[in-house]
Amino acid sequence: MQDSFKHKGMRIKLIEQIREKGIVDEQVLQAIEKLPRHFFLESAFLEHAYQDKAFSIGEGQTISQPSTVAFQTELLNLTEGEKVLEIGTGSGYQACILLELGAKLTTIEINKTLFEKSKKMIADLGYKRCRNILGDGSQGYPTIAPYDKILVTAGSPKIPKNLVEQLKTGGIMVIPVGDRFSQEMLRITKTADKGEVEIETFDNFRFVPLIGKFGWQDQNL
Ligand code: SAM
């Protein structure tokens, strides 16, 4: 797939729309401007790649809306070299934005087809600091915990306690929490080792469900 001047122009227009929605972090905007989102969609749907909307990636899943990717990333307050866990790799687009910002990333996907496809895409784009895991991310990835940052890109019915445990003290988790139809974006800062947290709430979104042991357990949602 090629990244043409036309695509770059479309990304610049997309960035303007994202700015209008209140995103101010220039590094996040630059990462979105740099990364060809059309690589992550089936080629028949290229014209949808630079509209600010979520889109199907097959397997009943979606690539998140670009302004939502920007919003979640901005809330993370990422600095170069931080150890980040993403739950819900999906297409791999959000993962690449995090990698572009210098994250040392572990990303978990529960769907095997999406896991294989996104792993290949991230490697093909040349990102080296990414560990792709196939599994239930609602349980986190304790093997290499704790993390500076955790980003959940599927809607959770509650704050998974085990994910808070896998955060460093001072670490931040961004997670949409709510029912199946609407979730509030939460930014959770772990303030003490005993698991004390500070919770900030933001706008409502609609994500596909976080399934698995500490998410929605019924996989037929
Ligand atoms: N970040 C993705 C991107 O940039 O394309 C979009 C994520 S999509 C909205 C949510 C993803 O979470 C889906 O691919 C879904 O299969 C995955 N998912 C749902 N529950 C999961 C779980 N328990 N562990 C890992 N992945 C999960």
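Preceding this section is the structure that the text describes.
Our subject in this report is the structure included herewith. As the structure is a prediction and not an experimental result, all values here were calculated from the model.

Tallied over the entire structure, the rule returns four aromatic pairs. Residues F40 and Y93 carry aromatic rings whose centres are separated by 5.4 Å and whose planes lie at 80 degrees to one another, so their mutual orientation is edge-to-face. Here the residue F40 occupies a position in the loop between α2 (26-34) and β1 (55-58), and Y93 occupies one in helix α4 (residues 93-100), the gap between them amounting to 53 residues. By relative accessible area, which is 7% here, F40 ends up buried. Under the relative-accessibility criterion, Y93 is labelled buried at 1%. Ring centres of F71 and F205 lie 5.7 Å apart, and the angle between their planes is 25 degrees; this geometry places the pair in the stacked category.

Of all the positions in α2, only V28, L29, A31 and I32 are classed as buried. Projection of α2 onto a plane perpendicular to its axis shows the buried side chains occupying an angular sector of 160 degrees, all on one side. Looking at α2, the residues exposed on the side facing more than 90 degrees away from the buried face are Q27, Q30 and K34. Looking at the buried side of α2, the elements it contacts are α1 (5-20), α3 (66-76) and α4. Residue D25 occupies the N-cap position of α2, its side-chain oxygen lying 3.0 Å from the main-chain nitrogen of Q27.

Now for the pairing of strand β8 (residues 183-190). In summary, the side chains of a regular strand alternate between the two faces of the sheet. Counting buried positions along β8 gives seven out of eight residues, so the element sits mostly inside the fold. As paired elements, strand β7 (residues 167-178) and β8 share seven bridges and run antiparallel to each other. Bridge pairing in β8 places P176 opposite M185. Count of turn residues in the β7/β8 antiparallel hairpin: four residues. Strand direction decides the pairing type here: β8 and strand β9 (residues 197-205), joined by seven bridges, are antiparallel. Along β9, the bridge assignment pairs K190 with V197.

As a further point, take the site of the ligand. The full set close to the ligand counts 26 residues, and S91, E109, D136, G137 and I211 are the nearest of them. The separation between a nitrogen atom of the ligand and a polar main-chain atom of G88 is 3.0 Å. For the ligand, whose free accessible area comes to 600 Å², the fraction covered by protein is 99%. Looking at the shell around the ligand, the elements with two or more residues in it are β2 (61-63), α4 and β4 (104-109). Classifying every residue of the shell around the ligand by side-chain character gives ten nonpolar, 13 polar and three charged.

For strand β6 (residues 147-152), the buried fraction is high: six of the six residues fall into the buried class. The sheet contact formed by strand β3 (residues 83-87) and β6 spans four bridges and is parallel. Counted as the bridge partner of E86 is L151 from β6. Looking at chain direction, β6 and β7 are connected through four bridges and run parallel. Pairing of K149 across the sheet is with I172, part of β7.

Right, let's get into unusual backbone geometry. Along the chain, A145 connects to P146 via a cis peptide bond; the corresponding omega equals 10 degrees. The phi angle at E59 is positive, at roughly 60 degrees, despite the residue not being glycine. Assignment of secondary structure puts E59 in the loop between β1 and β2. Here E59 falls in the partly exposed class, since its relative accessible area comes to 43%. At N77, a residue that is not glycine, the phi angle is positive and equals roughly 55 degrees.

Conventions adopted
Residues numbered from 1 in each chain as written. Predicted model: local features only at pLDDT ≥ 70, side-chain atom pairs only at ≥ 80, totals over all residues. Heavy atoms only, no water. Phe/Tyr/Trp six-rings, centres within 6.5 Å; stacked < 30°, edge-to-face > 60°. Helix = DSSP H or I, 4+ residues; strand = E, 2+ residues; numbered from the N terminus. Buried < 20%, exposed > 50% of the residue type's maximum accessible area, 1.4 Å probe, protein only. Arc of directions from axis to C-beta. Contact = heavy atoms within 4.5 Å. Polar contact = N/O pair within 3.5 Å; in protein donor to acceptor, adjacent residues only side chain to side chain. Pairing = 2+ DSSP bridges. Near = heavy atom within 4 Å. Areas by Shrake-Rupley, 256 points an atom, 1.4 Å probe, with all protein chains shown as cover. Nonpolar A, V, L, I, M, F, W, Y, C, P; charged D, E, K, R; others polar.

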